[in-house]
Amino acid sequence: MRSYIKFFQTAVWVFAFALVNAAGSAYADMRLSTSTDPGAEQKPDLNNQLTNLLGQEHQALRQINIDRMRVITAAPKISLRPVKRGETPNIPKISYTREWLNSQPVASGGAEWECLTQALYFEARGESVQGQFAVAEVILNRVDSNRFPNTVCAVVNQGTGKRNQCQFSYTCDGKAEVVNEPAAYNNVGKIARALLDGAPRNLTVGATYYHNRSVRPRWSRKFTRTASIDGHFFYR
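An account of the accompanying structure is given in this report. Residue positions are given per chain, counted from 1 along the sequence in the order it is written. At least 70 in pLDDT is required for a residue's local features to be given in this predicted model, at least 80 for side-chain atom pairs to be given and counted, and no such filter applies to totals for whole chains, interfaces and linings, which use all residues. Water and hydrogen atoms were dropped before computing side-chain values, which therefore reflect all heavy atoms in the structure.

## Some thoughts on the overall build of the protein
Okay, so step 1: Numbered from the N terminus, helices here are DSSP runs of H or I no shorter than four residues, and strands are runs of E no shorter than two. A count of helical and extended segments in the protein gives 8 helices and 3 strands.
Okay, so step 2: In sequence order, the protein lays out its α and β elements as α-α-α-α-α-α-α-α-β-β-β.
Okay, so step 3: Exposure classes here rest on a 1.4 Å probe applied to the protein chains alone. A residue is buried below 20% of its type maximum, exposed above 50%, and partly exposed in between. Looking at the protein as a whole, 34% of its 236 residues are labelled buried.
Okay, so step 4: All accessible-area figures derive from a Shrake-Rupley calculation using a 1.4 Å probe, and residue coverage is judged against the displayed protein chains alone. Accessible surface computed for the protein: about 15500 Å², of which carbon and sulfur atoms make up 51%.

## Focus: the state of the cysteines
Okay, so step 1: Two cysteine sulfurs form a disulfide in these notes if their separation is within 2.5 Å. Evaluated as defined, the whole model comprises 2 disulfides.
Okay, so step 2: Note on cysteine connectivity: Cys115 is disulfide-linked to Cys153, with sulfurs 2.1 Å apart. Sign of the S-S torsion, about 100 degrees for the bond between Cys115 and Cys153, identifies this disulfide as right-handed. Residue Cys115 is located in helix 5 (residues 111-124), and its partner Cys153 is located in helix 7 (residues 152-156); the two are separated by 38 residues in the primary sequence.

## As for the pairing of strand 2 (residues 225-229)
Okay, so step 1: Paired strands, as defined in this entry, are two strands with at least two bridges between them according to DSSP. Note that strand 2 and strand 3 (residues 232-235) share 4 bridges and pair antiparallel. Bridging from a neighbouring strand, Ala227 pairs with Phe234 of strand 3.
Okay, so step 2: Following strand 2, the chain reverses through 2 residues before pairing antiparallel with strand 3; Asp230 in that reversal takes a positive phi of roughly 55 degrees.

## Thoughts on the side chain of His232
Okay, so step 1: With respect to the element layout, His232 can be found in strand 3.
Okay, so step 2: Not counting chain neighbours up to four residues away, the residues in contact with His232 comprise Glu123, Glu127, Val135, Tyr210, His211, Asn212, Arg213 and Ala227. Contacts are assigned to residue pairs that have any heavy atoms within 4.5 Å of one another.

## Focus: the pattern of salt bridges
Okay, so step 1: Only one rule defines a salt bridge in this text: a Lys or Arg side-chain nitrogen within 4 Å of an Asp or Glu carboxyl oxygen. Scanning the model with the defined rule gives 3 salt bridges in all.
Okay, so step 2: Where Arg125 meets Glu181, a salt bridge forms, and the shortest distance between an N and an O atom there is 3.1 Å. Of this pair, Arg125 sits in the loop between helix 5 and helix 6 (129-144) while Glu181 is found in the loop between helix 7 and helix 8 (182-196), placing the two residues 56 residues apart along the sequence.
Okay, so step 3: Here Asp197 makes a salt bridge to Arg193, at a shortest N to O gap of 3.1 Å.
Okay, so step 4: On the accessibility criterion, Asp197 (41% relative accessible area) is partly exposed.
Okay, so step 5: When its relative accessible area of 24% is taken as the criterion, Arg193 is described as partly exposed.

In structure tokens form, the structure reads like this:
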């Protein structure tokens, strides 16, 4: 019974959200039709209750920021399907080696994959496989943090166009983003694909910042250093 009630409440939530998107303020003029319900005359209270409930849901949803609603209703980043006894979860197995990278198929994807691949190419293509994974971890850790935008593309392009405020230097150095090393681009694309598909992030211990070893920005004193990989220090 409890599961049925929860299912009903969830269905009402989804239906109300659809109404908000489809009809907006016009909902105020809507009523539940009883013309096709042969028992409508015997159940006026139920129709009134449903009308009131949908109205309350509508008012509540209008108070929620639309970007927050997209986050709430987005598909989970990992599968919620129960894992059967003896079954291995479908998590990409990775090895931070050139051999592993060469064994992976050519990767592709949508906008999020493209943004992550470009960031790795322009920010870390000179690093080892491990170093490239580490930079990718920072970007995805930012996506998961409420202190940063909630998409890969928004994280990568945060501050772009504002002098000395871009988060990733290649987005505001005034140079055109041209891929001159297609083999390197293909390799970082494989790394981006693996992490977007759920590969574990074990290298940077939740880092959301990094900088080159050759510099020491003032902000680095405010955060905890979590890792040192190739030419970068990592912080959270």
